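Secondary and tertiary structure notes
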Amino acid sequence: MSADALAESLDTAALEARPLPGGGSGLTVTAEAYAVQEALVLRRLARGERITGVKLGFTSAAKMRQMGVADLIHGRLTDRMEIPDGGRYDLSGLIHPRVEPEVAFLLGATLRPGDADPAAAVAAVAPALEVIDSRYDGFRFSLPEVIADNTSAAAYAVGPWRALGDLGNLGVLLELGGRPAEAGSTAAILGHPLRALAAAARLAGPLEPGTVILAGAATAAVPLPPGTCVRATVAGLGTVQFTTGAARTTTGEGA
Ligand code: OOG
Ligand code: MG
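Presented here is a report on the structure given in the accompanying data block. (Residues numbered from 1 in each chain as written. Chains lettered and ligands numbered in written order. Predicted model: local features only at pLDDT ≥ 70, side-chain atom pairs only at ≥ 80, totals over all residues. Heavy atoms only, no water.)

With 17 residues, helix H2 (residues 30-46) should reach 24 Å at 1.5 Å per residue; the first-to-last C-alpha distance of 24 Å fits that figure. When H2 is considered as a whole, its buried residues turn out to be Ala-33, Tyr-34, Val-36, Gln-37, Ala-39, Leu-40, Val-41 and Arg-44. Looking at the buried positions of H2, the neighbouring elements they touch are helix H1 (3-16), strand E1 (51-57), strand E2 (73-78) and helix H4 (143-148). A positive backbone phi angle near 100° is found at Gly-48, which sits one or two residues after H2. (Helix = DSSP H or I, 4+ residues; strand = E, 2+ residues; numbered from the N terminus. Expected span 1.5 Å × (residues − 1). Buried < 20%, exposed > 50% of the residue type's maximum accessible area, 1.4 Å probe, protein only. Contact = heavy atoms within 4.5 Å.)

The following block contains the structure:
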């Protein structure tokens, strides 16, 4: 299948909340997978969406273990994916959403591949939540397939921005309905979240001022239930939260 045809099938799977079988794409080459991702993102832009940032995936051992892959990947974020901090997020159009706690960077200057001091381009940092919703049945996919699927990106929320301080080893807590679901440390993100910044520059740069960069989940992702307050706290950085609305009405999930 051509990149455009694969992008169309992933786009339709997302729009209709009907997953595709993983392993069926025939994709094996990373560069081809990114070409599909680009075609998929272009379809969103053609619908009037605007790129807001970049996300990294599989920057922590917890995520690599959970998903059975071992390579850094990157995807694009758009304005349609934004959930306001403290807001409500409707699950009805989703397949099998999961949520994970992250750290977000906001660029104040252009970040270029190979920049000696990527932190110098950072205007602010914040706790973040990412919602992922693989367009493949049961979240089962090859690495090229998840790249093509814009790295499972579905939505994200960012807490209050604050000046960049030492992010090396901050406690990370994910709570669902007031109960702890996952706990970890920012050190799980490539050993230090600033490494994710350098990786974003290398893989997706140059990145313009105003770009949001999600550094990748510090813990495994957990299923996102309806009618629940979801909160991530990063010690010293603060808290971000949203409340989920209705679940989808049709079933599309695999075993
Ligand atoms: C892919 C997305 C990975 C992260 O933070 O590691 C990711 C997936 O797990 O389906 O966003
Ligand atoms: Mg993520």
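Lining the immediate surroundings of ligand 1 are 17 residues, of which Phe-58, Lys-63, Glu-100, Ser-152 and Ala-217 lie closest. The separation between an oxygen atom of ligand 1 and a polar side-chain atom of Glu-100 is 2.8 Å. In the model, an oxygen atom of ligand 1 is placed 3.0 Å from a nitrogen or oxygen of the Glu-130 side chain. Contributing elements (two or more residues each) for the shell around ligand 1: E1, helix H3 (61-67), strand E5 (98-107) and strand E6 (122-132). A per-element tally of the shell around ligand 1 places E1 first, with three residues. Within the shell around ligand 1, the residues separate by chemical class into eight nonpolar, four polar and five charged. (Near = heavy atom within 4 Å. Polar contact = N/O pair within 3.5 Å; in protein donor to acceptor, adjacent residues only side chain to side chain. Nonpolar A, V, L, I, M, F, W, Y, C, P; charged D, E, K, R; others polar.)

Within E1, six of the seven residues are buried, leaving the element largely enclosed by the surrounding structure. Pairing between E1 and E2: six bridges, direction antiparallel. Within E2, the residue paired with Gly-57 across the bridge is Ile-73. In the sheet, E1 pairs with strand E10 (residues 212-214) via three bridges, with the strands oriented parallel. Bridging across to E10, Lys-55 finds its partner in Leu-214. (Pairing = 2+ DSSP bridges.)

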